[in-house]
Amino acid sequence: MKYVHSNNEIRIRNSIIPAIFIGITMSITIFSLSLIHIYVIPIAKFIVFSSFASSSFLLFMEPHQESSRISKFVKSYIISGICGIIGFVVSLHIGLYSTLALVETMVALLLVAFKAMHPPAMGIAVVFILERANVFALLFLFAGMLLIIIFDRFLNKFVYIIEDEFKIDTQK
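As the structure is a prediction and not an experimental result, all values here were calculated from the model.

This part takes up unusual backbone geometry. Unlike most non-glycine residues, K115 shows phi in positive territory, near 50 degrees. Position of K115 among the secondary structure elements: in the loop between α4 (96-113) and α5 (122-130).

Given below as structure tokens:
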């Protein structure tokens, strides 16, 4: 006999626990990256947490949305980070506002071209331009992405109740 999930259990496992995991993920990410900032890379950019928090919300709270795929998350952050570093170099020659407009347009076009539409990543390019990013900022970004991916995998494997199971159980 198959276990029937109650509406409350589904709400807790598919909404409340993932919401709590956003806070846990951000806390662990901030703690881990602050250690990297203190002991390894003193120029780490903490402002990236606004994008990380938005991505965590999409990945954890809306796992079935097209923009919530891990592949899109990873590709979009890499694209935006690289464009941000290039944009920082360009901003030294053509000015900040022109660079921001140019880079954000390029990021949007590249996200569409590579089918990596994950909106929170757009902010990474801006952060990297404004905060004078370099290769170490990319390493910082990758470390944060890795932590978010680990938590996303955990939620997908152990927490979420799959909707198909719920539909089968409720039809009985």
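Right, let's talk about the packing of helix α2 (residues 49-61) against helix α6 (residues 135-159) for a bit. Contact pair α2 / α6: the axes reach a minimum separation of 11 Å and the direction vectors enclose 20 degrees. As the angle between them shows, α2 and α6 are arranged roughly parallel. Crossing of α2 against α6: the hand is right-handed. Along its contact with α2, which presents F49, F52, S56, L59 and F60, the element α6 presents F140, L141, G144, M145, I148, F151, D152 and L155.

Below, the discussion takes up the packing of aromatic side chains. Evaluated as defined, the whole model comprises two aromatic pairs. When the centroid spacing of 4.9 Å and the interplanar angle of 55 degrees are considered together, the rings of F73 and Y77 count as tilted. Placement of the pair is F73 and Y77 together in helix α3 (residues 70-94), with a separation of four residues, close to one helical turn. Ring pairs connect the aromatic residues F52, F73 and Y77, which therefore count as one cluster.

The description of two helices packed together rests on the angle between their axes and the distance between the axes. Contact geometry of α4 with α5 gives a least axis separation of 9 Å together with a crossing angle of 150 degrees. Accordingly, the angle class assigned to the pair α4 and α5 is roughly antiparallel. For the pair α4 and α5, the sense of crossing is right-handed. Together, L96, T99, L100, V103, E104, V107, A108 and L111 of α4 and M122, A125, V126, I129 and L130 of α5 make up the contact between the two elements. Looking at the contact of α4 with α5, its residues break down into eleven nonpolar, one polar and one charged.

Conventions used here
Residues numbered from 1 in each chain as written. Predicted model: local features only at pLDDT ≥ 70, side-chain atom pairs only at ≥ 80, totals over all residues. Heavy atoms only, no water. Helix = DSSP H or I, 4+ residues; strand = E, 2+ residues; numbered from the N terminus. Axes fitted to C-alpha atoms, helices over the stretch in contact; angles between N-to-C directions. Parallel < 35°, antiparallel > 145°, perpendicular 65-115°, else oblique. Left-handed = near helix turned anticlockwise from the far one by under 90°. Contact = heavy atoms within 4.5 Å. Phe/Tyr/Trp six-rings, centres within 6.5 Å; stacked < 30°, edge-to-face > 60°. Nonpolar A, V, L, I, M, F, W, Y, C, P; charged D, E, K, R; others polar.

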